[in-house]
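These are the residues of each chain, in order.
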Amino acid sequence: MATRHFLSLLDFSPTELTQLLKRAIELKAMHRAGEIYEPLKNRVLAMIFEKSSTRTRVSFEAGMAQLGGQAMFLSPRDTQLGRGEPIEDTARVLSSMVDIIMVRTFEHEKLETLAQYSSVPVINGLTDWVHPCQLLADMQTWMEHRGDITGKTATYVGDGNNMCHSYINAARQLDFKLNIACPENYDPDAELLKAAGDRVSIHRDPQAACRGSDMIVTDVWASMGQEEEQQQREQAFAGYQVTAEMMALANDDALFMHCLPAHRGEEVSAEVIDGKQSVVWDEAENRLHAQKALLEFLLTQ
Ligand code: CP
Ligand code: NVA
């Protein structure tokens, strides 16, 4: 059987995704009950981080340890990757020694090349294009709080970035409605949008986009690698902060999500992210459980 990778949500079928989310909820309950479950004994995960991380690194490292395996942190600063060793060669060598590889990098093409030359599964730990592991956690969080997401309405307020792209793929795979409120020139990719059909729509009025929504989600205005655009983006995104007034336009039981790290007072007010409708801490914790389900799936199926 061909090696399965998880480079985007489109690599798994809707049924596989739903099963994985249910398994994540089971693994969470087992972990909370103190059950020892070590199906990945002697298995090793190599993690390449070309960008910073708190949640992704800790959740993969803790997840591998809990499943009985080991995780290895690799940064370009102290590997030959940083000195220009080709990604193809790195993929061949790493995959001859470890069982699975996770990569956080800039260009999505780099991840695809690595997967192409790897003989073991490769997981996307975030690229400039998508952040699928985060969506597993977000969708698990939705499922825990509200059940099936089919036919519900989510509103993404902010930049048409990697998180926005992953929400578009999630809407497509799990069949929910997605309103995207973003300023002109910060739209998500047109092809991705088209592929999702009429369940996804672009709005220029964030207030109107939030009306009647079951979930409001946002992300930073300047992603990793865009730090020098911070000021310009603050101007472009004025009026796009998720506020209590915006939450009030959504349905009464609407949830607020954010992948974190967050900037209170920029993309979201402190009142909202620290408020009653916010599930950001569950969302962050679920990175652990969802990725354990992912590791189990890729290594034991
Ligand atoms: N949400 C997320 O991926 O967080 P980190 O950048 O801390 O990994
Ligand atoms: N869009 C953000 C997500 C961080 C988890 C970034 O790429 O920096």
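Scroll up to find the structure.
On a predicted model such as this, the values are computed, not experimentally measured, just so you know.

A.B. asks: Residues and numbers for the packing of aromatic side chains, please.
C.D. replies: Counted according to the given criterion, the structure contains seven aromatic pairs. Between F49 and F73, the ring centres sit 5.5 Å apart and the planes meet at 25°, which makes this aromatic pair stacked. Of this pair, F49 sits in strand β1 (residues 44-49) while F73 sits in strand β2 (residues 70-74); the two residues are 24 residues apart in sequence, bridging distant segments of the chain. For F49, a relative accessible area of 4% gives the class buried. Taking the relative accessible area as the measure of exposure, F73 reaches 35% and is therefore partly exposed. Taken together, a centroid distance of 6.4 Å and an interplanar angle of 40° make the contact between Y156 and Y167 tilted. With Y156 in strand β5 (residues 153-157) and Y167 in helix α6 (residues 162-174), this pair connects stretches of sequence that are eleven residues apart. Y156 sits in the buried class, given a relative accessible area of 0%. With relative accessibility at 0%, the residue Y167 sits in the buried group. What links up through ring pairs into an aromatic cluster is the set Y186, W221, F237 and Y240. Positioned above the aromatic ring of F106, the side-chain terminus of K51 is 4.6 Å from the ring centre.

A.B. asks: Lay out the side chain of N169 in plain terms, naming residues and giving numbers.
C.D. replies: In this structure, N169 sits in helix α6. Beyond its immediate chain neighbours, meaning those up to four positions away, N169 contacts S8, L9, L10, V130 and L192.

A.B. asks: Kindly report on the site of ligand 1, identifying the contributing residues and their values.
C.D. replies: Near ligand 1 the following residues occur: S53, T54, R55, T56, R104, H131, Q134, C259, L260 and R287. Within the side chain of T56, an N or O atom sits 2.7 Å from an oxygen atom of ligand 1. Contact with the protein chains covers 95% of the free accessible surface of ligand 1, which is 250 Å². In terms of residue class, the shell around ligand 1 is made up of two nonpolar, five polar and three charged.

A.B. asks: Requested: an account of the site of ligand 2, with residues and values cited.
C.D. replies: Inspection of the region around ligand 2 gives L126, H131, N161, N162, D219, V220, S223, M224, C259 and L260 as its neighbouring residues. The separation between a nitrogen atom of ligand 2 and a polar side-chain atom of D219 is 2.6 Å. Interatomic distance of 2.8 Å between a backbone N/O atom of M224 and an oxygen atom of ligand 2. Isolated, ligand 2 exposes 270 Å² of accessible area, and the fraction of that covered by the protein chains is 94%. Of the residues belonging to the shell around ligand 2, the class tally is five nonpolar, four polar and one charged.

The rules behind these values
- Residues numbered from 1 in each chain as written.
- Chains lettered and ligands numbered in written order.
- Predicted model: local features only at pLDDT ≥ 70, side-chain atom pairs only at ≥ 80, totals over all residues.
- Heavy atoms only, no water.
- Phe/Tyr/Trp six-rings, centres within 6.5 Å; stacked < 30°, edge-to-face > 60°.
- Helix = DSSP H or I, 4+ residues; strand = E, 2+ residues; numbered from the N terminus.
- Buried < 20%, exposed > 50% of the residue type's maximum accessible area, 1.4 Å probe, protein only.
- Lys NZ or Arg CZ within 6 Å of the ring centre and 35° of its normal.
- Contact = heavy atoms within 4.5 Å.
- Near = heavy atom within 4 Å.
- Polar contact = N/O pair within 3.5 Å; in protein donor to acceptor, adjacent residues only side chain to side chain.
- Areas by Shrake-Rupley, 256 points an atom, 1.4 Å probe, with all protein chains shown as cover.
- Nonpolar A, V, L, I, M, F, W, Y, C, P; charged D, E, K, R; others polar.

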